Structure formats: C-alpha cells, structure tokens
Amino acid sequence: RNGLDPARASILEGDASVVPAGQFDLILANLNRNLLIDHAAFLAERLAPGGTLLVSGFFDLDGPRIVQNFSVHALQHQRTWEADHWLCQQYTRDR
C-alpha cells in the first residue's frame, strides 16, 4: 500500500531484547525520556553509519537533555518537531 518492501523493513514491539543483532539505516523509537536516556548507547550502537534515528514520546522540556545525552554517544541532532509540547527529534550517526 505504501510501497515499502516488507523484506527490507520490520516493525518490532517490545524491549531491546526483541531487536535483532546488526545495524540499521533507520530506527524509530517512541520512548519516554528515561528510557531514551537509558538506551542511548544501545540505539547508537544499532544505528548504521550514515543512518537516521527518529525519537519521540517525550516533552519539550526534556528535549535539551536528550540532545546532550545522545551527543555523548556520537549521535548528531539534526532537527526537532514539536506538537502540543510533545517532541520528535532526528539524529544521525557519522559515516
């Protein structure tokens, strides 16, 4: 329906244990602030060089803390979207 090849994409629900080994070009994570901070290293390790990480599920007041924490793990903040005090942020990992 949307042109996405199911052989190239998987949608997983659960904790980090359900994520298969390897690195991914795109990761979408809808987690609260505490879980994002707790899993920042894991997300950075799983994001392929040149990949994109989109995170959401946290409030605007938490945005700077997420950016700071993710930068420690070599994730570069690219953009932030806000709607009704909820944020979505885009990160990349250098090649």
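Since we're looking at a predicted model, the values are computed, not measured.

(A) How the structure looks around the layout of surface pockets. Roughly 1,100 Å³ of volume is contained in the largest pocket. Looking at the largest pocket, it is lined by 27 residues, and the ones nearest its centre are S10, L12, L26, I27 and L28. Breaking the lining of the largest pocket down by element, the ones donating at least two residues are β1 (24-30) and α2 (40-46). Take the lining of the largest pocket: its biggest share by element is seven residues, from β1. Across the lining of the largest pocket, the residue classes break down as 17 nonpolar, five polar and five charged.

(B) Layout of the nonpolar core. By size, the foremost hydrophobic cluster in this structure holds 16 residues, and its most contacted members are L36, L53, V55, I66, F70, L75 and Y91. Secondary structure elements with two or more residues in this core: β1, α1 (33-38), α2, β2 (47-59), α3 (63-72) and β4 (86-93). Tallying contributions element by element places β2 first for this core, with four residues. Discounting residues that sit within four places of it in the chain, L75 has contacts with A40, A44, L47, L53, F70, Y91, T92 and R93.

Rules used in this analysis
In every chain, residue numbers begin from 1 and rise along the written sequence. Given that this is a predicted model, residues contribute local features only at a pLDDT of at least 70 and side-chain atom pairs are listed and counted only at 80 or more, while totals for whole chains, interfaces and linings are drawn from all residues. Values reported for side chains reflect all heavy atoms of the structure, with hydrogen atoms and water molecules removed beforehand. Only protein atoms enter the 1 Å grid, on which a cavity is a set of points fitting a 1.4 Å probe that cannot get out and a pocket is an open set with protein on both sides within 12 Å along at least 5 of 7 lines, lining residues being those with an atom within 4 Å of a point. Grid points are joined across faces, edges and corners, and a volume is the space filled by probe spheres set on the points. Secondary structure elements are taken from DSSP: a helix is a run of H or I of four residues or more, a strand is a run of E of two residues or more, and numbering for both begins at the N terminus. Residues are grouped as follows: Ala, Val, Leu, Ile, Met, Phe, Trp, Tyr, Cys and Pro are nonpolar; Asp, Glu, Lys and Arg are charged; every other residue, Gly included, is polar. Take the buried residues of types Ala, Val, Leu, Ile, Met, Phe, Trp, Tyr and Cys, join any two whose side-chain atoms come within 4.5 Å, and each joined set is a nonpolar core. Only protein chains enter the accessibility calculation, which uses a 1.4 Å probe; a residue is then buried when its area is under 20% of its type maximum, exposed when over 50%, and partly exposed in between. Throughout, a residue-residue contact means that at least one pair of heavy atoms, one from each residue, lies within 4.5 Å.

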